Amino acid sequence: MGMRRLALMLCLVLWALPAGAWEDAGRGVRVPDPPGWEIREAPNPRVLVRYFGPPGPGPRPSLWVHARATETELDRSLPLEVVRALASSLEGFKLLGSRATAVQGYPAHRLGYRAGLAGHEFQATQVFWVRDGQLYVVTLTGPLDRFSSLAPVLERTLEEMEFFEPSQGAGQS
C-alpha cells in the first residue's frame, strides 16, 4: 500500500471518529468541533464560536458561527444587504454565487465569494438562516487553492449542529 493511499485512509478514519463539540446552553446550540481544527475564543458576543484549520500555505482556514436576535424571518432583502456590506468592507469582492437553500429544514441562503483582506486573497461561503428568533450565520473561509477541500467541514457543521431547549442563566461551555 502506497504512502498516499495510507494517508488518505488515515484521514478518512480520523474524520469518522467522534469529535467534541462547543456548546452554548443559554442559546440552546451545540456546534461539532471540526476534527483537527483549533477552537478560539469568540472576539464578540455575536460570534458563538470560531475555529481555525490546520496551517498551510496562505492564511489559515477558519469557520465562524455567529448568532444574533432578530424579529424578522429570512427574506429576499437579507442576502442583498449582506452582499452590499461585504462588497463595501472587503478588497476586490467578487460574488461567486447566491442561492436559496435549507439548513435542517429551515429556509436558508448561501453566498459564495472571493475577496481580499490585509493583502491576502481568500474564498468564502456563508450560510444564514433564522431559527427561533435567532439569525445564524456560518462562514467558512480559506485560501483560494485549498478552498474546495475545506467544503466538507462546512457541510458537516451545518448537518450536525444541534439545537435544544436553552437553560435559564446558562452560558458557554
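Residues numbered from 1 in each chain as written. Predicted model: local features only at pLDDT ≥ 70, side-chain atom pairs only at ≥ 80, totals over all residues. Heavy atoms only, no water.

## Examining the overall build of the protein
Counting its regular elements, the protein contains three helices and ten strands. With 173 residues in all, the protein has 40% of them scored as buried. Sequence-distant contacts, at least 24 apart, represent 48% of the contacts inside the protein between residues at least 6 apart. (Helix = DSSP H or I, 4+ residues; strand = E, 2+ residues; numbered from the N terminus. Buried < 20%, exposed > 50% of the residue type's maximum accessible area, 1.4 Å probe, protein only. Contact = heavy atoms within 4.5 Å.)

## What to know about the packing of aromatic side chains
The tally for this structure, following the rule as stated, stands at four aromatic pairs. Ring centres of Phe93 and Tyr113 lie 5.3 Å apart, and the angle between their planes is 40 degrees; this geometry places the pair in the tilted category. Taken together, the positions of Phe93 in strand S6 (residues 91-103) and Tyr113 in strand S7 (residues 106-117) put the pair 20 residues apart, joining distant regions of the chain. The buried category is assigned to Tyr113, whose relative accessible area is 3%. (Phe/Tyr/Trp six-rings, centres within 6.5 Å; stacked < 30°, edge-to-face > 60°.)

## A word on the layout of surface pockets
Space inside the largest pocket adds up to approximately 590 Å³. The leading source of residues in the lining of the largest pocket is helix H2 (residues 77-89), at six residues. Residues of the lining of the largest pocket, tallied by class, amount to 15 nonpolar, seven polar and two charged. (1 Å grid on protein atoms, 1.4 Å probe; cavity = no way out; pocket = protein on both sides within 12 Å on 5 of 7 lines; lining within 4 Å. Points joined across faces, edges and corners; volume = space filled by probe spheres on them. Nonpolar A, V, L, I, M, F, W, Y, C, P; charged D, E, K, R; others polar.)

## Thoughts on unusual backbone geometry
Leaving glycine aside, a negative phi is the common case for residues, and trans is the common case for peptide bonds. Its identity is not glycine, yet Gln104 carries a phi of approximately 50 degrees, on the positive side. For Gln104, the position within the fold is in the loop between S6 and S7. One non-glycine residue, Asp132, lies in positive phi territory at about 50 degrees. Overall, the relative accessible area of 67% leaves Asp132 in the exposed class.

## Focus on the sheet that holds strand S3 (residues 38-40)
With antiparallel pairing, seven strands are arranged side by side in an open sheet as S3-S4-S5-S9-S8-S7-S6. Looking at strand neighbours, the two that pair on one side only are S3 and S6, the edges of this open sheet. Looking at each pair of strands side by side, their axes are set apart by 20 degrees on average, direction ignored. Note: S6 against S7, ten bridges, orientation antiparallel. (Pairing = 2+ DSSP bridges. Axes fitted to C-alpha atoms, helices over the stretch in contact; angles between N-to-C directions.)

## Details of helix H3 (residues 147-160)
When the terminal C-alpha atoms of H3 are compared, their 21 Å separation across 14 residues agrees well with the 20 Å that a helix rising 1.5 Å per residue should span. Taken as a whole, H3 has its buried residues at Phe147, Leu150, Val153, Leu154, Arg156, Thr157 and Leu158. (Expected span 1.5 Å × (residues − 1).)

## Some details on the pattern of salt bridges
Taken as a whole and judged by the stated rule, the model has eight salt bridges. Put simply, Arg30 and Glu162 hold a salt bridge, and the shortest N to O gap is 2.8 Å. Taken together, the residues Arg30 in strand S2 (residues 29-32) and Glu162 in strand S10 (residues 162-163) connect sequence positions 132 residues apart. Of the residues examined, Arg30 reaches a relative accessible area of 23% and is grouped as partly exposed. By relative accessible area, Glu162 is classed as partly exposed at 40%. Across the salt bridge formed by Arg131 and Asp132, the nearest N and O atoms sit 3.7 Å from each other. Several salt bridges share partner residues, and in doing so they unite Glu23, Arg30 and Glu162 into one network. (Salt bridge = Lys/Arg side-chain N within 4 Å of Asp/Glu carboxyl O.)

## Examining the sheet that holds strand S1 (residues 21-24)
In spatial order, the strands read S1-S2-S10; together these three strands make up an open sheet with antiparallel pairing. The outermost strands of the open sheet, each flanked by one partner alone, are S1 and S10. As judged from the four bridges shared by S1 and S2, these two strands associate in the antiparallel manner. Paired with Ala21 across the strands is Pro32, a residue of S2. Set on the sheet, H3 makes contact with S2 and S10; between it and S2 the angle comes to about 150 degrees.

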